[in-house]
Amino acid sequence: MAQSHPAPSHAPHEAHGHHEEMSFWSKYVFSTDHKMIAMQYMVTGMAMGMVAAFFSYVFRMEMAFPNREIPFWGLVTPAQYNALITNHGAIMVFWVAMPVLIAAFGNFLIPLMLGADDMVFPKINRLSYQVFLLSALVLISSWFVPGGGFGGAWTMYPPLSAHSAYSLTPMGSTLFVTAVALEFVAFLLGGINFVTTAMNSRAPGMKMYDVPIVVWFIVIASIMFMASVGPLIAGAIMLLFDQTIGTAFFDPNRGGDPLLWQHLFWFFGHPEVYVVLLPAMGIVADVMATFARKKLFAYKTILYTAFATGVLSFTVWAHHQFVAGIDPRMANIFTVTTLLISVPIAEMCFVYIATLYGGSISLTTPMLWALSFVGEFLIGGVTGIFLGSSGTDIYLHDTYFVLAHFHYTFFPIAIIGTFAGFTYWFPKMSGKMLNETLGKIHFWGTIIPFNGIFLPLFVTGIAGDQRRIYDHNNFPELATPLLQHLREFATISLVVMLLFQVFFFVNVFWSLWKGKKAERNPWKANTLEWVADSPPPHGNFREMPTVYRGPYEYSAPGRTEDYWPQNVPN
Amino acid sequence: MIEHFLPAASSFAHEIDFTFDLIFWLVGFWFLLSEAVFFWLIFRFRKKDGVRGQYITGELKSEKRWITIPHGLVLLCDVVILIFAIQTWYHIKQQLPPADETVRIVGQQWAWSFELPGPDGKLGTADDIRTVDELHVQVNRLYHFKLEARDVVHSFSVPAFRLKQDAMPGRVITGWFKPIQTGTFDIQCTQICGIGHGIMGARLVVETPEQHAAWIAEHSTTSVAAVASPSAGE
Amino acid sequence: MAVRTASGLRDVSRPPRPQLVPSSVMAMLIFVFTEVMLFAGLISAFSIMRSTALIWPPPNQPRLPVAETAFNTAVLLASGVALALAHRVHRRRPERARLPLLAAVLLGAFFVGFQGREWVGLIAQGLTLTSSSLGSFFYLIVGLHALHAVAALGVLVYAWRRLAQGWLPPSVLGAAEVFWYFVVGIWPLLYWRVYL
Ligand code: HEA
Ligand code: HEA
Ligand code: CUA
Ligand SMILES: [Cu+2]
């Protein structure tokens, strides 16, 4: 067992001083350095993000302009359509949001912000990325097998997913489920590392309440992930067995129960949405404190709301199954818990807003992203209430209202939150500053079309548009010109948004190549990662920092500077 | 809000629309308030030369009030929403008013078939009327439905009725509806069920008693032919 | 213990980072926590299915051997006790922990072997993975447990070999113990939910 090795941060024998020359392979591919692994996750996640964004382009075009040749794709068949949305959803959640928010930022930030030189188990960390990469490759290969990619939605409800006679994708479904299961294993390995590192590798003097919110949130999210994923791994094994050797777990004809899968999936699936929410919230907290030059309002309250959310999130899963044939009396319990969970999250949002009070806010690019996260997430949050209320969910279930709800949560999390963190820590990651003008163009060019995509989809959802339909005009009530115009508007907004992403990539590559050199602490922030060089060498700190205070002591009275780094004695 | 786009053609449609609107106003209020405060703060405390940020921990009682009071009020709103949500749910899904008639609805890849009791008023007898992709019912009658699925999960949805219920293979799920408006409405399958999911629609025809009687009369005489139609329609 | 700084030098002036629980034990605890959730998922899935099934147990399927397995459960528990004994001895006289550790391994191996024999019998009587949902669940749950038992036995054997070679760090024994106690501890639960 690799776990049994003693903690390498205490192992003096490893001789990887940063002066040593390393081969390309050991530096970029088989590195055990947490920052390199973070970059591997980031780049893989970004690449998968582009694939999933391209998929969304294809199927949105199909919905807006049905049965026409789509540039860069061609005609979309119904089977292709299903595979596209299924893989879009799965990629965005499992291969973009998770790896970027948890694995990339977690790997990069946890050791740096805690003042450690690496993760506790660097080899497990490397293994985690390798399993993750394998899972991505398995997923990609599933699109090219006979029968094509799996098209039974990212929720994989059996019997559709369990029998190739129903799904018509014999190999696609198996590879899809395998890929998802592998991805879980990768994040289990990563999560063990995150939690152990946060517990055991903090810099001297750093107490629980001196840990930055983003680290807390990534750790809480990892714990939630590990607590919820077990049942779904069990479910995935059962589903794989049903597919490949014909067991009867979900087969009603031999005593199995298809509803079982839905419980297993959503028992994981609902905590999962908070698993990705928390890291993004954490990033936003850190960015907001820095650029508002403000101490976070009620640090401890923020933590408690996160704990409350974490616990409650395990009790709400069946709100996805109100009309799935569960006992109607059971639905009432889940309505109550679902509405209750809005309270800690509302409180968290209020705390963030209150943090702005009395600040000195500079609207840099990272700050714009962070603020827009709060503004946009509120829309996603409040529309969740319509769905959590069982009475209205009878109508809204599986309409575009649900879809717009969760894109208003997921997009802020996976895209806006990522951009906030990426632009904020880019100087530390690369040693170069990003260009502000290009950054702001990219920001507005993303935010405005984003609302242009999904606000109209709330309306089509209320009017009855259902999900996973390649051409709504097949249904007379949905074939009105107004609805079709809204769909077209959404699609055009998407195309605009995708075009604006060019600014992001130009910005990144240009800055890497010619950008201004970043100082150690360009934002004048307090947390420990800014003590290390930009970019930090292997081993991170020249001298291990000692922590004297909490992470958010901005604008403290009686000091000439308006910040007070954690490692400065006085 | 919803009735603006769709007729409210069943007895419980108005209740759902009402609950929807109620939630809309309640959370809409909080949403607008939060956003207004949010944007005002960004504007009010934008960076100005020579003005430093303030040092506020948010741990004092007098400061925390700004969070705890809204917190309590949100909880209150939640309770109000809960009452209406559960009440609506109870009326539609939990209670089962006595039926005037019972129909069987079967979903399979990728068609809906329906079974009406026919002149004798009983399901499962020889004079049942079977149809595919078209369900004929009579206005102001309370129907129970027995919902089944042959192969995979489907979902029986009539947007104009605000009715939705998944059909599970291996189970028979009972529910009810009562049309209050004549006309022809969409039936959709709202659970992904394979490549034909996008075309798995049907029509629901709500008729006046006279029309319905005529339709029954016409179809019960040709019931032998109609029995064959489910397989023909696939 | 000294802390290594980035330059590779030891910084002796600083106190080491305090470790609440040794990292390897902590990692194993977290791992076991997910495993508990995995089995909890399986058990609740099995319970849900059982309670919603129209006829239970499925007709034409053999009964599970309740009494024999009760005996086997006792054997497994004894193995856990042996390991606890090894732990106590190891703290004071490490070299004398070899015997109880070996006893734990052998008892555990007996448990797995006995299970295997039981399976052969059940398969002969017509209970297979695909014969019914009972069969599917039985082999999945018990098989997954057996797989964990084998892996944990591997860790125990590794610990035993290191002890035989002279030196077994307490943190390694601790990690191995956490894993084995999990295997032992979850079994009575499985026995109760699946066999009874
Ligand atoms: C990270 C993503 C994320 C987040 C954070 C949320 C947050 C919430 N979600 Fe969402 N949800 C999804 C992702 C997410 N969801 C996804 C992916 C699906 C669909 C999956 C699929 O089917 O494919 C889904 C589907 C979904 C459903 C099922 C719909 C259906 O299929 O029929 C429900 C039902 O209850 C629901 C509810 C909620 C609630 C109550 C919250 C709450 O946490 C929101 C709480 C936040 C607020 C309420 C805002 C702040 C508060 C205020 C401004 C105060 C005012 C509020 C009140 C007065 C109450 N969601
Ligand atoms: C994180 C989650 C996430 C994100 C970000 C998105 C983003 C988008 N989604 Fe997605 N979507 C889902 C999760 C997500 N989706 C899920 C779970 C489903 C359900 C699937 C199912 O039914 O089974 C779904 C389904 C879904 C549908 C429904 C299809 C149907 O039911 O028929 C539609 C339709 O319009 C849609 C559209 C879009 C669009 C236009 C975007 C656009 O916002 C996309 C724009 C993307 C970009 C602008 C990417 C830019 C980023 C990069 C290029 C990388 C940079 C990255 C770093 C810096 C790290 N999505
Ligand atoms: Cu049947 Cu979708
Ligand atoms: Cu949910």
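Just so it is clear, the structure is predicted and the values come from calculations on it, not from any experiment.

Criteria and cut-off values
- Residues numbered from 1 in each chain as written.
- Chains lettered and ligands numbered in written order.
- Predicted model: local features only at pLDDT ≥ 70, side-chain atom pairs only at ≥ 80, totals over all residues.
- Heavy atoms only, no water.
- Contact = heavy atoms within 4.5 Å.
- Near = heavy atom within 4 Å.
- Polar contact = N/O pair within 3.5 Å; in protein donor to acceptor, adjacent residues only side chain to side chain.
- 1 Å grid on protein atoms, 1.4 Å probe; cavity = no way out; pocket = protein on both sides within 12 Å on 5 of 7 lines; lining within 4 Å.
- Sits in = over half its atoms within 2 Å of the grid points.
- Helix = DSSP H or I, 4+ residues; strand = E, 2+ residues; numbered from the N terminus.
- Phe/Tyr/Trp six-rings, centres within 6.5 Å; stacked < 30°, edge-to-face > 60°.
- Buried < 20%, exposed > 50% of the residue type's maximum accessible area, 1.4 Å probe, protein only.
- Lys NZ or Arg CZ within 6 Å of the ring centre and 35° of its normal.
- Salt bridge = Lys/Arg side-chain N within 4 Å of Asp/Glu carboxyl O.
- Donors = N, O, S within 2.8 Å, 3.2 Å for Na, K, Ca; no water.
- Tetrahedral: all angles 85-135°; square planar, octahedral: opposite > 155°, others 65-115°.
- Pairing = 2+ DSSP bridges.
- Axes fitted to C-alpha atoms, helices over the stretch in contact; angles between N-to-C directions.
- Parallel < 35°, antiparallel > 145°, perpendicular 65-115°, else oblique.
- Left-handed = near helix turned anticlockwise from the far one by under 90°.
- Buried area = accessible area lost by both parts, 1.4 Å probe.
- Points joined across faces, edges and corners; volume = space filled by probe spheres on them.
- Nonpolar A, V, L, I, M, F, W, Y, C, P; charged D, E, K, R; others polar.
- pLDDT = per-residue confidence, 0-100.

## Quick look at the arrangement of the chains
Contacts are most numerous between chains A and B, considering all 2 pairs of chains that are in contact. Separated without contact, chain B and chain C have their nearest C-alpha atoms at a distance of 10 Å.

## Details of the site of ligand 1
Near ligand 1 there are 33 residues, and of these Y274, D393, H397, H405 and R467 of chain A occur at the shortest range. The residues that come close to ligand 1 belong to more than one chain, namely chains A and B. At 3.0 Å from a nitrogen atom of ligand 1 is found a side-chain nitrogen or oxygen belonging to H405 of chain A. Taken atom by atom, the bulk of ligand 1 overlaps the largest cavity. Among the elements of the structure, helix 8 (258-292), helix 10 (328-355), helix 11 (365-388) and helix 13 (400-430) of chain A together with helix 1 (13-44) and helix 2 (61-94) of chain B are those that each provide at least two residues to the shell around ligand 1. No other element matches helix 11 of chain A, which puts 8 residues into the shell around ligand 1.

## Structural notes on the packing of aromatic side chains
In total, this model carries 84 aromatic pairs over all chains according to the counting rule given. On the numbers, 5.2 Å between centres and 85° between planes, the contact of F24 of chain B with W25 of chain B is edge-to-face. Given a relative accessible area of 33%, F24 of chain B falls into the partly exposed group. A cation over an aromatic ring shows up here: R46 of chain B above the ring of F43 of chain B, its NZ or CZ 4.4 Å from the ring centre. Looking at R193 of chain C, its charged tip hangs above the ring of W192 of chain C, at a distance of 4.9 Å from the centre.

## Some points on the pattern of salt bridges
Note on pairing: side chains with opposite charge can pair once their charged atoms come close. Tallied over the entire structure, the rule returns 18 salt bridges over all chains. Here K295 of chain A ties to E553 of chain A by a salt bridge, and the two come within 2.6 Å at their closest N and O atoms. Residue K295 of chain A is found in the loop between helix 8 and helix 9 (299-312), and its partner E553 of chain A is found in the segment after helix 15 (481-514); the two are separated by 258 residues along the sequence. Through salt bridges with shared partners, one network takes in R104, E115, E148 and R150 of chain B.

## Describing the coordination of the iron atom of ligand 2
All names here are of chain A. Protein coordination of the iron atom of ligand 2 is provided by H88 (NE2) and H407 (NE2), with donor distances spanning 2.0 Å. If you look at the iron atom of ligand 2, its 6 donor atoms make angles of 86 to 178° with each other, and the shape they trace is octahedral. With a gap of 319 residues between them, H88 in helix 3 (residues 78-114) and H407 in helix 13 connect regions that are remote in the sequence. Neither H88 nor H407 differs from the other in exposure class; each is buried.

## Description of the pairing of strand 8 (residues 173-177) of chain B
Residue and element names in this part refer to chain B. Among the 5 residues of strand 8, 4 are classified as buried, and the element is accordingly described as predominantly covered. Sheet topology places strand 5 (residues 143-149) next to strand 8; 5 bridges connect them, and they run antiparallel. Among the inter-strand pairings, F145 is bridged to a residue of strand 8, identified as G175.

## Regarding the coordination of the iron atom of ligand 1
Residues and elements named next belong to chain A. One donor from the polypeptide reaches the iron atom of ligand 1: H405 (NE2), at 2.2 Å. Here the iron atom of ligand 1 and the copper ion (ligand 4) are spaced 4.5 Å apart. With respect to the secondary-structure elements, H405 resides in helix 13.

## Re the packing of helix 3 of chain A against helix 4 (residues 122-141) of chain A
Helix-helix packing is characterised by the crossing angle of the two axes and by the distance between the axes. Residues and elements named next belong to chain A. Two numbers describe how helix 3 lies on helix 4: the axes approach to 12 Å, and their chain directions differ by 165°. It follows from the interaxial angle that helix 3 and helix 4 lie roughly antiparallel. Relative to helix 4, helix 3 is oriented so that their crossing is left-handed. Here N87, I91, F94, W95, P99 and N107 of helix 3 lie close against helix 4, whose contacting residues are N125, F132, S135, A136 and L139.

## A few points about the interface of chain A and chain B
In this complex, chain A contributes 97 residues to the contact, which on the side of chain B involves 80 residues. The junction of chain A with chain B conceals about 7600 Å² of combined surface from both sides, 69% of it contributed by carbon and sulfur atoms. The largest per-residue losses of area from chain A upon contact with chain B belong to I394, Y395 and E477 of chain A, which jointly make up 9% of the total buried on that side. Where chain A meets chain B, there are 1 salt bridge.

## Here's the deal with empty space enclosed by the protein
This structure, assessed with the given rule, holds 8 cavities of 30 Å³ or more. The space that makes up the largest cavity amounts to roughly 1000 Å³. Lining the largest cavity we find 48 residues, and of these G380, G381, G384, I385 and H405 of chain A sit closest to its centre. Those elements giving two or more residues to the lining of the largest cavity turn out to be helix 8, helix 10, helix 11 and helix 13 of chain A together with helix 1 and helix 2 of chain B. Of the residues contributing to the lining of the largest cavity, the split by class is 28 nonpolar, 15 polar and 5 charged.

## Quick look at the site of ligand 2
All names here are of chain A. Around ligand 2 there are 35 residues in total, and R60, Y81, H88, H407 and R468 lie nearest to it. Within the contact set of ligand 2, an oxygen atom lies 3.3 Å away from a side-chain nitrogen or oxygen of R467. In this structure, R468 approaches ligand 2 through a main-chain N or O atom, which is 2.7 Å from an oxygen atom. Elements that contribute at least two residues to the shell around ligand 2 include exactly helix 2 (34-64), helix 3, helix 13 and helix 15. With 10 residues, the single largest contributor to the shell around ligand 2 is helix 13. The class makeup of the residues in the shell around ligand 2 is 26 nonpolar, 6 polar and 3 charged.

## Things to note about the environment of E177 of chain C
Residues and elements named next belong to chain C. Tracing the sequence through the fold places E177 in helix 5 (residues 170-195). Considered as a pair, E177 and M26 are 151 residues apart in the sequence and their alpha carbons are 12 Å apart. Filtering out sequence-adjacent residues up to four positions away, E177 remains in contact with L83 and H87.

## Focus: the environment of L240 of chain A
All names here are of chain A. With respect to the helices and strands, the residue L240 is situated in helix 7 (residues 213-244). Distance from L240 to F176, taken between C-alpha atoms, is 9.8 Å for residues 64 residues apart in sequence. If sequence neighbours within four positions are ignored, L240 has contacts with T174, V177, T178 and I245.

## Here we look at the side chain of S135 of chain A
Residue and element names in this part refer to chain A. Within the fold, S135 resides in helix 4. S135 sits in the buried class, given a relative accessible area of 0%. Contacts of S135, omitting those with residues within four sequence positions, involve W95, A179, L182 and E183.

## What about the confidence of the model for chain B?
As a general rule, the predicted coordinates of low-pLDDT regions are not to be interpreted in detail. Residue and element names in this part refer to chain B. Counting all residues, the mean pLDDT for chain B is 88, and 94% of those residues have values of 70 or more. This stretch, residues 223-234, has a pLDDT under 50; its non-local contacts, to residues over four places away or in other chains, come to 7 contacts. The complex model carries a pTM of 0.91, and its ipTM stands at 0.90.

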